[in-house]
Amino acid sequence: MSKKEKAENPAKETKEPKEEKPIEAPEAPTEAEAPVAKKPAKGKIKRKKRIGKKIYTLYKIDGETITRVRPFCERCGPGYFMADHGNRFACGHCGFTRYKVAEPAE
Ligand SMILES: [Zn+2]
């Protein structure tokens, strides 16, 4: 009886590798699909959509009065807003930097 069981076991083991073979088959089509997917990637260059500066965000309209959120650049004149970098304002046009007046620390 024990001999028969031993004979059956190897038979079962041989069946398992046979089941693994079909798994390898699907890999072939994926390789064929890969070059197809590469073709559009060559022609298309992903470019980020440039978002506008949103100038309207620099103005605050309160009724009939307009207040400018950020100051103009002293060198470039009106129309050139300076960027707020926390402790300083910087002009992106000429590079002028105006440090904010340091408030006395309490
Ligand atoms: Zn400037």
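Here, every reference points to the structure presented above.
Attention shifts here to the overall build of the chain. Within the chain one finds two helices and six strands. Moving toward the C terminus, one meets the helices and strands of the chain in the order α-α-β-β-β-β-β-β. Counting every position in the chain, which comprises 106 residues, the buried fraction comes to 4%. Excluding contacts between residues fewer than 6 apart, the proportion of contacts in the chain whose partners are at least 24 apart in sequence is 0%.

Backbone hydrogen bonds hold the strands of a sheet together, and the pairing may be parallel or antiparallel. Taken together, four strands build an open sheet; the order of strands is E3-E4-E5-E6 and the sheet is antiparallel. Edge strands, defined here as strands with exactly one partner in the open sheet, are strand E3 (72-73) and strand E6 (97-99). Here strand E4 (residues 77-84) pairs with strand E5 (residues 88-91) via three bridges, running antiparallel. Paired with Met-82 across the strands is Cys-91, a residue of E5.

A few words now on the environment of Phe-89. Secondary-structure assignment places Phe-89 in strand E5. The exposure class of Phe-89 is buried, given the 20 C-beta atoms found within 10 Å. C-alpha of Phe-89 to C-alpha of Phe-72: the two residues are 17 residues apart in sequence and 9.6 Å apart in space.

Attention now moves to the pairing of strand E1 (residues 59-62). Inspection of the sheet shows E1 paired to strand E2 (residues 65-68) by four bridges, in the antiparallel sense. What sits directly across from Asp-62, in E2, is Thr-65.

Cut-offs and rules
- Residues numbered from 1 in each chain as written.
- Predicted model: local features only at pLDDT ≥ 70, side-chain atom pairs only at ≥ 80, totals over all residues.
- Helix = DSSP H or I, 4+ residues; strand = E, 2+ residues; numbered from the N terminus.
- Buried ≥ 20, exposed ≤ 12 C-beta atoms within 10 Å, placed from the backbone.
- Contact = placed C-beta atoms within 7 Å.
- Pairing = 2+ DSSP bridges.

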